[in-house]
Amino acid sequence: MKIIIIASSTGGPFILESVLSDLPVINAVIIIVQHLPPAFTRSFCRQIASLTKMPVSIAADRETITSPHIYTAPAGKHLLIGKNRTFTLSDTEKVHGVRPAADLTMMSMLKRSEDSLMGIVLTGMGRDGADGINYLHSLGAVTIAQDPSTAPIKSMPQAAIETGQVDLILTPDQIRDAIVSF
């Protein structure tokens, strides 16, 4: 299974529109960990669904991951992935001041010969996603950071780049192309 995890925070919904706009149905699972208040999760999910022909939903506890599909992390819950195949939601304490934290989602992945992994860090404040990118890279994943010059808030992609474990630094349009070719 091809699994893509996208970390995104401040400015993320706008950048995600660029990345996912007109995205064709691809044989992959895209998991979006966007820092959002609970009241906006459903409208965010609907907005993502309006951009692509892929099925889109909010990840549910104990749900089996299917491909092709785009899942969004529910607000206020950490999203963990068991054996790269099922979701677990957690109320444990915030990481980097946020819940969901992309680092926890990324670091719950396993190296499995039948899976191809990609980790992407987009715009946002703080450093969520940097430790996750470092970990995913150690598993052989393709790792991408948004070019900070194109990010409304540069901290998250810059922190990912500073790990030295980012394979590609790309604009939102280039990230979309990388997802399609993955």
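Use the structure listed above.
Scope of this entry: the structure provided in the associated data block. (Residues numbered from 1 in each chain as written. Predicted model: local features only at pLDDT ≥ 70, side-chain atom pairs only at ≥ 80, totals over all residues. Heavy atoms only, no water.)

### Overview of the overall build of the chain
The number of helices and strands found in the chain is 6 helices and 9 strands. Whereas a compact globule of 182 residues would reach a radius of gyration of roughly 16 Å, the chain reaches 14 Å, a difference of no more than 12%. Projected onto the principal axes, the alpha-carbon positions of the chain cover approximately 35 × 35 × 30 Å. Each of the 182 residues in the chain was classed as buried or not, and the buried ones make up 50%. (Helix = DSSP H or I, 4+ residues; strand = E, 2+ residues; numbered from the N terminus. Rg over C-alpha atoms; globule rule 2.2 N^0.38 Å. Buried < 20%, exposed > 50% of the residue type's maximum accessible area, 1.4 Å probe, protein only.)

### Brief notes about the side chain of Q34
Looking at the element boundaries, Q34 is found in strand β2 (residues 29-34). Side-chain polar atoms of Q34 contact the backbone oxygen of S9, separated by 3.0 Å. (Polar contact = N/O pair within 3.5 Å; in protein donor to acceptor, adjacent residues only side chain to side chain.)

### Some details on the sheet that holds strand β1 (residues 2-8)
Strands in a sheet are paired, the pairing made by backbone hydrogen bonds, and the direction either parallel or antiparallel. If you trace the 7 strands from one edge of the open sheet to the other, you get β3-β4-β2-β1-β7-β8-β9, paired in parallel fashion. Here the strands that pair on one side only, and so sit at the sheet edges, are β3 (56-58) and β9 (168-170). Neighbour-to-neighbour, the strand axes of this sheet turn through a mean angle of 20°, independent of strand direction. Sheet analysis places β1 next to strand β7 (residues 116-121), joined by 6 bridges and oriented parallel. Bridge pairing links A7 to V121 in β7. (Pairing = 2+ DSSP bridges. Axes fitted to C-alpha atoms, helices over the stretch in contact; angles between N-to-C directions.)

### Brief notes about helix α1 (residues 12-20)
Inspection of α1 places G12, I15, L16, V19 and L20 among the buried residues, and these make up the whole buried set. One side of α1 holds all its buried residues, which, seen down the axis, span an arc of 125°. Downstream of α1 by one or two residues, D22 has phi in the positive range, about 60°. (Arc of directions from axis to C-beta.)

By themselves, these are just geometric observations and shouldn't be taken as functional.
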